[in-house]
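Chain and residue survey
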Amino acid sequence: MNNWLTIAMPKGRIFDEAAGLLRTIGYDFTHVEQSRKLVLEFPEYNIRVMLAKPMDVVTYVEYGAADCGIAGKDVLLEQNRDVYEIVDLNISACYLAVAGLPNQPLSKIAPKIATKYPHIASEYFREQGEQVEIIPLNGSIELAPLIGLTDRIVDIVSTGQTLRDNGLIEYEKIARVTSRFIVNPVSYRLSSPILDNMIEQLSAQIALEKGSDV
Ligand code: PRP
């Protein structure tokens, strides 16, 4: 099985877009959705697919448990791992933003910020010259300002519906986020026909889609 390629894919809602893109370049992994298995083998491509939490894909790739993977730019910015970011896949587009209740100036004394992205948030406020206290949370971040735990949140905005439904507004955009194709540095150096082909096909597909956008 040494000539197999292991790819780490994000479970959950990012999976569909990532799998859809891979299908357009000839790799169909979509029937995995029917199952709860976490490692799936596709002998027809010599590819093994690992399904991991989006935040963990980069870890599997950094340690070489997967040769490559699909990870959000948010996770890459937050974790600063030793992986190569090869192609911007331009899928699962969203952005990181600062949000909070309307008409609430940032408190002058150590405002509190709730986030799943403590590194990105502290860097952002440091650059703004604001001294803040970061409160790390694992999800449902929008709850924090609603019940008075924090002054602001730093979180992903996709459709904006979660902010709207909870009466929150966006104060600043921090960074655009899309999914990236990432590769373990050793796997990249050793190279393999399957990996090379996947990179080439993905790059060509993205260039094609960009071309048809203009
Ligand atoms: C993400 C993010 C926001 C929401 C944004 O949460 O953290 O809460 O999606 O999407 P929207 O702009 O389309 O409403 P997710 O659903 O991943 O769950 P979580 O709150 O448990 O992190």
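So, here is what we can say about the structure in this document. Within any chain, residue numbers begin from 1 and follow the written order of that chain's sequence. Side-chain atom pairs in this predicted model are given and counted only at pLDDT of 80 or more, local residue features only at pLDDT of at least 70, and totals for whole chains, interfaces and linings cover all residues. With hydrogens and water set aside, each side-chain value is computed from the structure's full complement of heavy atoms.

**Here we look at the pattern of salt bridges**
In the sections that follow, a salt bridge refers to a side-chain nitrogen of Lys or Arg positioned within 4 Å of a carboxyl oxygen of Asp or Glu. This structure, assessed with the given rule, holds seven salt bridges. Between Arg48 and Glu41 there is a salt bridge; the shortest N-O distance is 3.5 Å. Judged by relative accessible area, which is 43%, Glu41 ranks as partly exposed. Note that Arg126 is salt-bridged to Glu123, the shortest N-O span being 3.2 Å. In this pair, Arg126 and Glu123 are both assigned in helix 4 (residues 118-127), three residues apart and thus about one turn of the helix distant. When accessible area is computed with a 1.4 Å probe and restricted to protein chains, residues below 20% of their type maximum are described as buried, those above 50% as exposed, and intermediate ones as partly exposed. We count a stretch as a helix when DSSP gives it H or I for four or more residues in a row; a strand needs E for two or more, and each element gets its number in order from the N terminus.

**Examining the nonpolar core**
Working definition of a nonpolar core: buried Ala, Val, Leu, Ile, Met, Phe, Trp, Tyr and Cys residues. They are joined through side-chain atoms within 4.5 Å. Core analysis: the biggest nonpolar cluster contains 29 residues, and Ile7, Met9, Leu22, Ile47, Leu89, Phe181 and Met198 have the highest contact counts within it. Among the elements of the structure, strand 1 (5-10), helix 1 (13-24), strand 2 (39-42), strand 3 (47-52), strand 4 (68-72), strand 11 (179-183) and helix 8 (193-213) are those that each provide at least two residues to this core. With six residues, the single largest contributor to this core is helix 8.

**What to know about the site of the ligand**
Only a single heavy atom is needed: when it lies within 4 Å of a molecule or strand, its residue is near that molecule or strand. Around the ligand sit 13 residues, and of these Arg13, Lys116, Glu142, Thr159 and Thr162 come closest. A 3.5 Å cut-off defines polar contacts: any pair of N or O atoms within that distance qualifies, except that in protein one atom must be a possible hydrogen donor and the other a possible acceptor, and neighbouring residues in sequence count only when both atoms are side-chain atoms. The contact in question runs from an oxygen atom of the ligand to an N or O atom on the side chain of Glu142, over 2.7 Å. Between the ligand and Thr159 there is a distance of 2.5 Å, counted from an oxygen atom to a side-chain nitrogen or oxygen. Here the ligand, which alone exposes 500 Å², has 73% of that area covered by the protein. Those elements giving two or more residues to the shell around the ligand turn out to be strand 9 (152-157) and helix 6 (161-165). Broken down by element, the residue count for the shell around the ligand peaks at three residues, all from strand 9. Here the open area of atoms and residues is found with the Shrake-Rupley method and a 1.4 Å probe, where only the protein chains shown may cover a residue.

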